[in-house]
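# Fold and contact review
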Amino acid sequence: MKKNKILLLIISFIAASVLWVYVVTVVNPEGTRSISGIPVTFSGEDVLREDQNLIITEGKTMTVSVDFQGRNADLNKLIKQQSEITAVVDVTRIRTAKNYNMAYDIKLPTSVQDSGITVVSRSPSSVSFAIERRVTLPVEVVADYSGVTVADGYLLEKTSLDFDTVQVTGPESIVSSIASARLAVTRTNLDKSVTDTVPFVLCDAKGKPVDTTNLTTDVDSIDVTLTVVKYKDVTLEIEIIDGGGATSKDTKIEIDPPTITLSGDATVLDGINKITLGSIDLADIEASTRTIPFDIVIPNDTKNVSGVDQANVTVTIRNKATAVIRATNITFIHVPEGLEPTSVTKQVQVTIRAATSEIQKITANNIRVVADLADFSLPGTNTVPVTIYIDGYPDAGYIGDYTIVVSLAEKTDDKG
């Protein structure tokens, strides 16, 4: 009797299952399902953008909720593929930038037959969105170099960007609010030139980043070149030519500025230890102190970082005195054969320089004015350079250059 009951229960369960399968698959009663979070898409957005130069701004992230009715088998299939359901708004006929409220169509998964599913209700019943004019404007690139440091003995000579502006395309209201494309360059302890690729951030006039959801740019990053050079302090020098009764030991030289700073490639700077401004001939310096300006000529492939292009050299001659003596002892050497010289100039005022203890002892008797006539071979009157000799005082000298007027005449035989 107990076995009969168990068998009866089994038969009943099988019958019920068969009946359920029959009802679901054959009879297949209708039902309803609610699906929310269905994303809104826009059909013809590319046409809107390319042909009308318009762009959708607000409303692109909206979702809708829809109640579907149909056979349970179709509804179950729809539920399994609900991620493929979209709410489609057709914008191909839009021509004006403004706010819109438009109906939408529900697009079902391709595996679900539209004829088996009915949309009972939808919320909201239409979609609100905004259309703006699409513009392209140049935006200035602004670089922040505060994060760049160089090694000791080196200098950040210059910086350069491969683009000074970025072309930004998007809704006019957003693009017109962009004031700059900002980038921050960070490099530490640089001892050579480098180029980095740095991303930028679009910012408004207050320096705050703008929403770039609907924006595109012609480049995504900027190449920044940091030109780093070595720098070096180089001494300025002057060449002193002994003369006029004075030597370099008798002088005090002051150069203002004493040094300048050069920048350039390390291989060039390592070979530069001084810059010679020029020369000063003490025979041309009459006063005890004289200041002479010199242009600073820097070596090739270097740059004068100091910005000073001229130096003043002050020469002070110490323990020396000057005097003017009228010299009358005029003689000639290398007199051309057959000519007789006569000095038209009878005396030469010679400025001499000697030690203060000797200057008062030198007189005209110690001074010889010698004219060399080697370059004069024809009769006539000529201006001839002369050399001054100060006999008896080897450390004394003369200042300046001197000439005399000499008459050359043919010799005549004296038979009388």
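Everything here concerns the structure above.
Residues numbered from 1 in each chain as written. Predicted model: local features only at pLDDT ≥ 70, side-chain atom pairs only at ≥ 80, totals over all residues. Heavy atoms only, no water.

## A few points about the overall build of the protein
Across its full length, the protein carries five helices and 29 strands. The C-alpha atoms of the protein give a radius of gyration of 52 Å, which is well past the 22 Å a tight globule of 416 residues would have. With respect to the three principal axes, the spread of C-alpha positions in the protein is 190 × 60 × 40 Å. A burial count over the protein gives 34% of its 416 residues as buried. Contacts in the protein between residues far apart in sequence, at least 24 positions, make up 75% of those at least 6 positions apart. (Helix = DSSP H or I, 4+ residues; strand = E, 2+ residues; numbered from the N terminus. Rg over C-alpha atoms; globule rule 2.2 N^0.38 Å. Buried < 20%, exposed > 50% of the residue type's maximum accessible area, 1.4 Å probe, protein only. Contact = heavy atoms within 4.5 Å.)

## Side note on the sheet that holds strand β27 (residues 380-390)
Pairing between the strands of a sheet is mediated by backbone hydrogen bonds and can be parallel or antiparallel. Taken in spatial order, the five strands line up as β23-β26-β27-β29-β24 in an open sheet, and their pairing is mixed. Two strands in the sheet have a free side with no partner beyond their single neighbour: β23 (330-333) and β24 (339-343). With direction set aside, neighbouring strand axes in the sheet form an average angle of 40 degrees. Looking at chain direction, β23 and strand β26 (residues 367-372) are connected through four bridges and run parallel. Directly across from I330, in β26, lies its bridge partner V369. (Pairing = 2+ DSSP bridges. Axes fitted to C-alpha atoms, helices over the stretch in contact; angles between N-to-C directions.)

## Let's talk about the packing of aromatic side chains
In the structure shown here, the tally under the stated rule is three aromatic pairs. Between F42 and F129, the ring centres sit 5.1 Å apart and the planes meet at 70 degrees, which makes this aromatic pair edge-to-face. Linking F42 in strand β1 (residues 30-43) with F129 in strand β8 (residues 127-150), this pair joins segments that are 87 residues apart in sequence. Judged by its relative accessible area of 3%, F129 falls in the buried class. Taken together, the aromatic side chains of F42, Y100 and F129 make up a single cluster linked through ring pairs. The side chain of R122 reaches across the aromatic face of Y104, ending 4.9 Å from its centre. (Phe/Tyr/Trp six-rings, centres within 6.5 Å; stacked < 30°, edge-to-face > 60°. Lys NZ or Arg CZ within 6 Å of the ring centre and 35° of its normal.)

## Notes on the sheet that holds strand β16 (residues 251-256)
As summarised here, the arrangement of the three strands in space is β16-β21-β19, forming an open sheet in which the pairing is antiparallel. Each having just a single partner strand, β16 and β19 (289-295) make up the two edges of the open sheet. The average angle at which neighbouring strand axes cross in this sheet is 20 degrees, direction not considered. Pairing between β19 and strand β21 (residues 310-317): seven bridges, direction antiparallel. Along β21, the bridge assignment pairs T289 with T316.

## Let's talk about the side chain of T57
Structurally, T57 is set in the loop between β2 (54-56) and β3 (63-71). Since its relative accessible area comes to 12%, T57 is described here as buried. If sequence neighbours within four positions are ignored, T57 has contacts with A130, E132, P171 and N214.

## Re the pattern of salt bridges
Under the counting rule described, the total for this entry stands at nine salt bridges. A salt bridge links R133 to E172; the shortest N-O distance between them is 2.8 Å. Separated by 39 residues along the polypeptide, R133 in strand β8 and E172 in helix α4 (residues 172-175) bring together distant segments of the chain. Among the residues examined, E172 registers a relative accessible area of 33% and is labelled partly exposed. Here D196 makes a salt bridge to R187, at a shortest N to O gap of 2.9 Å. Residue classification places D196 among the buried positions, given a relative accessible area of 17%. Judged by its relative accessible area of 31%, R187 falls in the partly exposed class. (Salt bridge = Lys/Arg side-chain N within 4 Å of Asp/Glu carboxyl O.)

## Regarding unusual backbone geometry
Negative phi characterises most residues that are not glycine, and trans characterises most peptide bonds. Cis geometry marks the peptide bond from S123 to P124, where omega comes out at -5 degrees. Secondary-structure assignment places P124 in the loop between β7 (117-123) and β8. A cis geometry characterises the amide bond from D256 onward to P257, with omega recorded as 0 degrees. Unlike most non-glycine residues, N189 shows phi in positive territory, near 55 degrees. Mapped onto the elements of the fold, N189 is located in strand β11 (residues 180-190). A positive phi is found at N319, a non-glycine position, where the angle reads about 60 degrees. Relative to the helices and strands, N319 resides in the loop between β21 and β22 (320-327). Residue class for N319 comes out exposed when judged on its relative accessible area of 66%.

## So, the environment of I404
With respect to the secondary-structure elements, I404 resides in strand β29 (residues 402-410). In this structure the C-alpha to C-alpha distance between I404 and S121, which are 283 residues apart in sequence, comes to 125 Å. The residues touching I404, leaving out its near neighbours within four places in the chain, are I330, F332, S343, T345, V348, V369, A371, N382, T383, V384 and V386.

## Some remarks on the side chain of T227
In this fold, T227 is placed in strand β15 (residues 221-241). Excluding residues that lie within four positions of it along the chain, T227 makes contacts with L155, L156, E157, K158 and S193.

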